[in-house]
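Chain and residue survey
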Amino acid sequence: MAESLQLPIIDLTSPDRISTARAIRQACVEVGFFYLINHGVEEKLFKKVLEHSQKYFSLSVEEKMKLVRRNNRGYTPLYAENLDPSSGTQGDSKESFYIGSLEDKRAVSNLNQWPAKEILPCWRSTMEDYYKRVLDAGIRLISLIALALELDEDFFHKAGACDSPNAFLRLLHYPGELRLSEQVVYGASAHSDYGMLTLLATDGVGGLQVCREKFKRPQIWEDVHHLSGAFIVNIGDMMERWTNCLFRSTLHRVMPTGQERFSMAFFLEPNPDCVVECLKSCCSDSSPPRFSPIRAGDYLEERFKVTYAS
């Protein structure tokens, strides 16, 4: 049985930004996860988004498949994704719905897909409202992360990361009952997230676990519990590259609990044209850069190809 992990709590409205940045730095170095409170997204909106997510996933498979995933937007059915290709399983026991940038300057028309208003009225406007609120919280948090890295708080803005960021909202549904299988079944198999930051909201049902030492064997998994009104924030692989592995992109997974589970993950990724290269504050003669510079869009595209490889 997994031990419970006590995560630090970061207050986004704290007037002492220096102390907050220090707390973020410690959390990102030691665990790569923390709770974020006073982020500006009201509990009422959380509940509304959760209700609308439940309504969508309760539609028939035929109706959901009308919006099947294209351009990383839309619906992905059960077992369509395998976050850990080495696991040998048929895929993760979850279904999801992706919503990308609401203002895509790179496309002639927006690439998002939406359920018909006749079927789910107010669904699109609710998701757009939530997307904007969480994006705002994420952008404010990025400034504190810059301070945590001993950089100017507008560093990531000047680097172009926050100019039309490539953020995605992902609605997730984990069924409570699964068909019998001889394989180990994961809600989400072991993985680290791909981008800068993830802000996760859940319905309170457990199952999320982290492994702080991803290269050690045997792996030790710890439960991350729901904190009402808080986002669970974690560092992604791109931020780990930026920081030369100073900040941890921690391995995590979702285990089935026998209960139906809903969550909303918001992935804050840089503008695709932003170049991710080792920060000067994170390298030295004794700790040279471990990764070559790479365009953010190219990095994410390659990661998605592996995840959805058939």
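None of these values were measured; they are calculated from a predicted model.

What counts as what
- Residues numbered from 1 in each chain as written.
- Predicted model: local features only at pLDDT ≥ 70, side-chain atom pairs only at ≥ 80, totals over all residues.
- Heavy atoms only, no water.
- Helix = DSSP H or I, 4+ residues; strand = E, 2+ residues; numbered from the N terminus.
- Polar contact = N/O pair within 3.5 Å; in protein donor to acceptor, adjacent residues only side chain to side chain.
- Pairing = 2+ DSSP bridges.
- Axes fitted to C-alpha atoms, helices over the stretch in contact; angles between N-to-C directions.
- Contact = heavy atoms within 4.5 Å.
- Buried < 20%, exposed > 50% of the residue type's maximum accessible area, 1.4 Å probe, protein only.
- Core = buried A, V, L, I, M, F, W, Y, C linked by side-chain atoms within 4.5 Å.
- Phe/Tyr/Trp six-rings, centres within 6.5 Å; stacked < 30°, edge-to-face > 60°.
- 1 Å grid on protein atoms, 1.4 Å probe; cavity = no way out; pocket = protein on both sides within 12 Å on 5 of 7 lines; lining within 4 Å.
- Points joined across faces, edges and corners; volume = space filled by probe spheres on them.
- Nonpolar A, V, L, I, M, F, W, Y, C, P; charged D, E, K, R; others polar.

A closer look at the side chain of Q209
With respect to the helices and strands, Q209 occurs in strand β9 (residues 208-211). At a separation of 3.0 Å, a polar atom in the side chain of Q209 contacts the side chain of D223.

A short note on the sheet that holds strand β3 (residues 33-37)
Spatial strand order, β2-β3-β11-β8-β13-β6-β5-β4: 8 strands in an open sheet with mixed pairing. Looking at which strands have only one partner, the edges of the open sheet turn out to be β2 (9-11) and β4 (74-76). Neighbour-to-neighbour, the strand axes of the sheet open up by a mean angle of 25 degrees, direction not taken into account. Pairing of strand β8 (residues 197-202) with strand β11 (residues 231-235) involves 4 bridges; the strand directions are antiparallel. Counterpart to L199 in the pairing with β11 is V233. Each of β3, β5 (95-99), β6 (168-174), β8, β11 and β13 (261-268) is contacted by helix α4 (residues 123-148), which is oriented at about 55 degrees to β13, the strand it contacts most.

A few points about the environment of V276
Secondary-structure assignment places V276 in strand β14 (residues 275-276). Residue V276 is classed as buried on the basis of its relative accessible area, which comes to 2%. Linking V276 and R295, residues 19 residues apart in sequence, is a C-alpha distance of 6.1 Å. Those residues in contact with V276, other than ones at most four positions away along the chain, are M238, R241, W242, S292, P293, I294 and A296.

Considerations on the nonpolar core
With 87 residues, the main nonpolar core has Y130, I145, F156, F231 and M239 as its most contacted residues. No other element matches the 13 residues that α4 contributes to this core. Setting aside residues up to four positions removed in sequence, M239 forms contacts with I142, I145, L149, F156, G195, M196 and F247.

Observations concerning the sheet that holds strand β10 (residues 222-223)
Taken together, 5 strands build an open sheet; the order of strands is β1-β10-β9-β12-β7 and the sheet is mixed. Each of the sheet's edge strands pairs with one partner strand only, and the pair in question is β1 (3-4) and β7 (188-191). Sheet analysis places β9 next to strand β12 (residues 251-254), joined by 4 bridges and oriented antiparallel. The residue of β12 that forms the bridge with L208 is V254.

Quick look at the packing of aromatic side chains
Applying the stated rule across the entire model yields 13 aromatic pairs. Here F46 and F231 contribute two aromatic rings whose centre-to-centre distance is 5.3 Å and whose plane-to-plane angle is 70 degrees, an arrangement assigned as edge-to-face. Highlighted residues: F46 in helix α2 (residues 43-57) and F231 in strand β11, separated in sequence by 185 residues. The exposure class of F231 is buried, given its relative accessible area of 0%. With a centroid separation of 5.3 Å and 80 degrees between ring planes, the pair formed by F97 and W123 is classed as edge-to-face. Of this pair, F97 sits in strand β5 while W123 is found in helix α4, placing the two residues 26 residues apart along the sequence. Classification of F97 by relative accessible area gives buried; the value is 0%.

Things to note about empty space enclosed by the protein
Tallied over the full model, the rule gives 3 cavities of 30 Å³ or more. Empty space within the largest cavity amounts to approximately 370 Å³. Lining the largest cavity are 31 residues, with R170, H191, D193, H252 and F267 sitting closest to its centre. At the level of secondary structure, the elements contributing two or more residues to the lining of the largest cavity comprise β6, β7, β8, β11, β12, β13 and α7 (296-307). The class makeup of the residues in the lining of the largest cavity is 17 nonpolar, 8 polar and 6 charged.

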